[in-house]
Amino acid sequence: NINAYPNPFSESTKISFTCSNSQTIQFSLKNLLGKTIFKKMFTAKKGFNSFKFNRNNFVRGMYIYSLQTNTEVVSKRLIMR
């Protein structure tokens with residue numbers, strides 16, 4: 001389960017998800033052409049996890065954000081105003 005709130009957002013959004021165990025996760029952001037424009041690795045704990053994602057200098061529009069583990073990838077849409 002993965003969620004971004006608020007979505008759409010202007011300055012920042014909170015990405016939250018649940019993990020079945022502690023593991024390394026890769027967060028990535030892609031534009032609609034499939035080009036990766038942001039990537040971050042972090043260690044998630046078992047249970048509920050969340051982190052703040054700042055817009056920084058990304059232009060307005062729709063993006064695809066993904067969380068990837070060793071066994072799965074979950075992707076959803078993210079809209080920056």
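For the structure itself, consult the block above.
Quantities reported herein were computed from a predicted structural model and do not represent experimental measurements. (Residues numbered from 1 in each chain as written. Predicted model: local features only at pLDDT ≥ 70, side-chain atom pairs only at ≥ 80, totals over all residues. Heavy atoms only, no water.)

## Regarding unusual backbone geometry
Comment: phi is negative for the bulk of residues other than glycine, and the bulk of peptide bonds are trans. Each neighbour pair has its own omega, and for tyrosine 5 with proline 6 the value is -5 degrees, a cis peptide bond. Residues asparagine 7 and proline 8 are joined by a peptide bond in cis, for which omega reads 10 degrees. Take proline 8: it is sitting in the loop between strand E1 (2-5) and strand E2 (12-19). Phi is positive for asparagine 56, which is not a glycine, with a value near 55 degrees. Along the polypeptide, asparagine 56 turns up in the loop between strand E5 (47-54) and strand E6 (61-68). Given the relative accessible area of 57%, asparagine 56 is considered exposed. (Helix = DSSP H or I, 4+ residues; strand = E, 2+ residues; numbered from the N terminus. Buried < 20%, exposed > 50% of the residue type's maximum accessible area, 1.4 Å probe, protein only.)

## Some words on the side chain of threonine 13
The topology assignment puts threonine 13 in strand E2. Engagement of the side chain of threonine 13 in a polar contact is seen with the backbone oxygen of tyrosine 5, the distance being 3.2 Å. Beyond its immediate sequence surroundings of up to four residues, threonine 13 is in contact with Ala4, Tyr5, Pro6, Phe51, Lys52, Phe53 and Leu78. (Polar contact = N/O pair within 3.5 Å; in protein donor to acceptor, adjacent residues only side chain to side chain. Contact = heavy atoms within 4.5 Å.)

## So, the packing of aromatic side chains
In the structure shown here, the tally under the stated rule is 12 aromatic pairs. Look at phenylalanine 17 and phenylalanine 51: their rings are 6.5 Å apart centre to centre, the planes differ by 70 degrees, and that puts the pair in the edge-to-face class. Of this pair, phenylalanine 17 sits in strand E2 while phenylalanine 51 sits in strand E5, and the two are 34 residues apart along the sequence. Grouping residues by exposure puts phenylalanine 17 and phenylalanine 51 together as buried. (Phe/Tyr/Trp six-rings, centres within 6.5 Å; stacked < 30°, edge-to-face > 60°.)

## Overview of the sheet that holds E5
Sheet strands line up and pair through hydrogen bonds in the backbone, either parallel or antiparallel. Taken in spatial order, the three strands of this open sheet run E1-E2-E5, and their pairing is antiparallel. Since the sheet does not close on itself, it has two edges, and those belong to E1 and E5, each with one partner. Each strand of the sheet is rotated relative to its neighbour by a mean of 20 degrees, with strand direction disregarded. Across eight bridges, E2 lies against E5 in antiparallel orientation. Across the sheet, isoleucine 15 pairs through a bridge with phenylalanine 51, a residue of E5. (Pairing = 2+ DSSP bridges. Axes fitted to C-alpha atoms, helices over the stretch in contact; angles between N-to-C directions.)

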